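So the chains spell out like this:
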Amino acid sequence: MLHENLKAFPENFLWGAASAAYQVEGAWDVDGKGVSNWDKFVRIPGKTFKGTNGDVAVDHYHRYKEDIALMAEMGMKTYRFSVAWARIFPNGSGEVNEKGLAFYNDLIDELLEHNIEPILTIYHWDLPQALQDKYGGWESREIVEDFRNYCITLYKAYGDRVKYWVSLNEQNIFTRLGYQTAMHPPGVKDDKLFYQVNHHASLANAVAIKEFRTYVPDGKIGPSFAYSPAYAATSKPEDILAAENAEELSNHWWMDVYAWGEYPKASWEYLERKGLAPQVEKGDFALLKEGKPDFMGVNYYQTTTFEKNPLDGVTMEGTFNTTGKKGTMEDTGIPGLFKTITNENLERTNWDWNIDPQGLRIGLRRITNRYGLPILISENGLGEYDKVEEDGTIQDGYRIEYIRTHLKAVQEAITDGVEMIGYCVWSFTDLLSWLNGFQKRYGFVYVNQHEEGEHDLRRIKKKSFYWYKEVIESNGENL
Ligand code: BG6
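From a predicted model like this one, the values you see are computed outputs, not experimental measurements.

A word on the site of the ligand
So, step 1. Lining the immediate surroundings of the ligand are 15 residues, of which Gln-23, Glu-170, Ser-433, Lys-440 and Tyr-442 lie closest.
So, step 2. One nitrogen or oxygen atom from the side chain of Glu-170 is found 2.5 Å from an oxygen atom belonging to the ligand.
So, step 3. The side chain of Lys-440 places a nitrogen or oxygen atom 2.6 Å from an oxygen atom of the ligand.
So, step 4. Across the complex, the protein chains shield 91% of the 380 Å² of accessible surface that the ligand would expose by itself.

Rendered as structure tokens:
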């Protein structure tokens, strides 16, 4: 529907930006922190763009005060960050590292002193390597108890001041890239294991939420799901069915479990026939149902378009563009279910990610209609090359346009009746992109950090910084 007038953003709308520990902190072996799976993985030659790693990242660990001062200058209402499990428990369990706890304590206090609402992500992909070595990390159900213990430690330490929590960041991505495409640690390709690992992660998510009710009864918690709404390539019924298959197996497979504690039917039947369905133990579904979130966290970057994939069609083997050379992304799929196809109606970034603000509105409405949960956009943003001009400025008008059009889509969704909690841009400062190095930049604040050459880590406010400041000041009135 076309709206003549849009509803205003809610009064208490959380305007913010997000980050993740491994991508910003650096200080990888400082103050008693243990080694994480990423600390290890990035040292394997060929795994990341030009061998970049998060040893220093953008040194937020030492510069968080400077970064928070910039957030305050911008008028940011919320900052979403993640805790590195290996800072709190260097071995994943056992003795707590007090210095790790103190770091996030100070960070939270600094945010609150600047009137910035902290949103704490419990797990954003950096698993203590000790747990991977001990029992295969997410491969074992043992992780659920260690995760419970880690969560309770955080709730007790920060629950008095932190009221918004994200349980797992993009469970669908870290399990798939870790166990289906082998692009993330532990670099395994095993479909059966992928579904099993994912089931353990769902149990851990439910346990995190269940415990939260006891320790932070006045807080709100939810997962951050990487939602790429599925489109059909054409109006041919077989393409529509392919898109349905994709929406169910790639999206509902996670969101149904979060919201209802159930796996979607047709996908479950399919995986059972293939011998890929996870092994479920007595009590699992009861636990999953107990883990109902307060909101659906959505990380939205793009839609994906699908068409029919024959039984001997493409697999998940296609190349992923991690170089920034446009046109190098290959189609992927599951034979007999669906395959991706380029959507010629959409512009793409240099990393071949579709730019589709309307897809965000569509996705928000789908979630609202299916689950009836409020939504927090926990990530949305544009990864692009940025250039420091001779006069020292960064003219990232393309980023402003990306965020502006996506915010407009959010406002349209609000007008449609979607209940929105807030909107976190990925990211506040530039940071390390897991596989794409430092050249794929997302921030409002440029950080002089590169794969090669000089990198004094100085911060420079981009044009988008000043623009977002005004958006916040006017509560999104002048988009
Ligand atoms: C999300 C992650 O998948 O997208 C972030 O939660 C990530 O950690 C972001 O950085 C952008 O992805 P990329 O690959 O461009 O860095």
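So, the environment of Val-162
So, step 1. Topologically, Val-162 is positioned in the loop between α7 (142–158) and β4 (164–169).
So, step 2. The class of Val-162 is buried, set by a relative accessible area of 0%.
So, step 3. For the pair formed by Val-162 and Leu-112, sequence separation is 50 residues and the distance between their alpha carbons is 9.3 Å.

Brief notes about the sheet that holds strand β5 (residues 220–226)
So, step 1. Strand order in the closed barrel formed by eight strands is β1-β2-β3-β4-β5-β7-β13-β14, and the pairing between neighbours is parallel. Strand-to-strand, the axes of this sheet are offset by a mean angle of 25°, without reference to chain direction.
So, step 2. Bridge count for strand β1 (residues 14–18) against strand β2 (residues 78–82) is three bridges, and the pairing is parallel. Counterpart to Gly-16 in the pairing with β2 is Thr-78.
So, step 3. This element, α7, spans β3 (117–123), β4 and β5 of the sheet and lies at about 165° to β3.

Some words on the UniProt feature "active site" (unreviewed entry) in the protein
So, step 1. UniProt records the feature "active site" (unreviewed entry) at Glu-379, using the numbering of this structure.
So, step 2. Structurally, Glu-379 is set in strand β13 (residues 375–379).
So, step 3. Since its relative accessible area comes to 4%, Glu-379 is described here as buried.
So, step 4. The residues touching Glu-379, leaving out its near neighbours within four places in the chain, are Arg-80, His-124, Asn-169, Glu-170, Val-298, Asn-299, Tyr-300, Tyr-301, Cys-424 and Trp-426.
So, step 5. A polar contact is formed between the side chain of Glu-379 and the side chain of Arg-80, at a distance of 3.1 Å.

With respect to the sheet that holds strand β9 (residues 333–334)
So, step 1. Spatially, β6-β8-β10-β9 is the arrangement adopted by the four strands of the open sheet, whose pairing is mixed. Two strands lie at the open edges of the sheet, namely β6 (230–232) and β9, each paired on one side alone.
So, step 2. By the bridge criterion, two bridges tie strand β8 (residues 304–307) to strand β10 (residues 338–340) in an arrangement that is antiparallel. When the sheet's bridge partners are listed, Phe-306 is paired in β10 with Thr-340.
So, step 3. The sheet strands contacting helix α10 (residues 237–260) are β6, β8, β9 and β10, and the helix crosses β6 at an angle near 170°.

What to know about the pattern of salt bridges
So, step 1. In this structure the tally under the stated criterion is 36 salt bridges.
So, step 2. Here Glu-281 makes a salt bridge to Arg-141, at a shortest N to O gap of 3.6 Å. On the criterion of sequence distance, the pair formed by Glu-281 in the loop between α11 (265–273) and α12 (284–290) and Arg-141 in the loop between α6 (129–135) and α7 is long-range, its members being 140 residues apart.
So, step 3. The exposure class of Glu-281 is partly exposed, given its relative accessible area of 40%.

A look at helix α15 (residues 463–473)
So, step 1. Turning to α15, its buried residues number three or more, namely Ser-464, Phe-465, Trp-467, Tyr-468, Val-471 and Ile-472. Projected down its long axis, α15 carries its buried residues within an arc of 165°, all on one side. Looking at α15, the residues exposed on the side facing more than 90 degrees away from the buried face are Glu-470 and Glu-473.
So, step 2. Two residues or fewer after α15 comes Asn-475, characterised by a positive phi angle close to 50°.

Analysis parameters
- Residues numbered from 1 in each chain as written.
- Predicted model: local features only at pLDDT ≥ 70, side-chain atom pairs only at ≥ 80, totals over all residues.
- Heavy atoms only, no water.
- Near = heavy atom within 4 Å.
- Polar contact = N/O pair within 3.5 Å; in protein donor to acceptor, adjacent residues only side chain to side chain.
- Areas by Shrake-Rupley, 256 points an atom, 1.4 Å probe, with all protein chains shown as cover.
- Helix = DSSP H or I, 4+ residues; strand = E, 2+ residues; numbered from the N terminus.
- Buried < 20%, exposed > 50% of the residue type's maximum accessible area, 1.4 Å probe, protein only.
- Pairing = 2+ DSSP bridges.
- Axes fitted to C-alpha atoms, helices over the stretch in contact; angles between N-to-C directions.
- Contact = heavy atoms within 4.5 Å.
- UniProt positions renumbered as here; feature names shortened; annotations may be inferred.
- Salt bridge = Lys/Arg side-chain N within 4 Å of Asp/Glu carboxyl O.
- Arc of directions from axis to C-beta.

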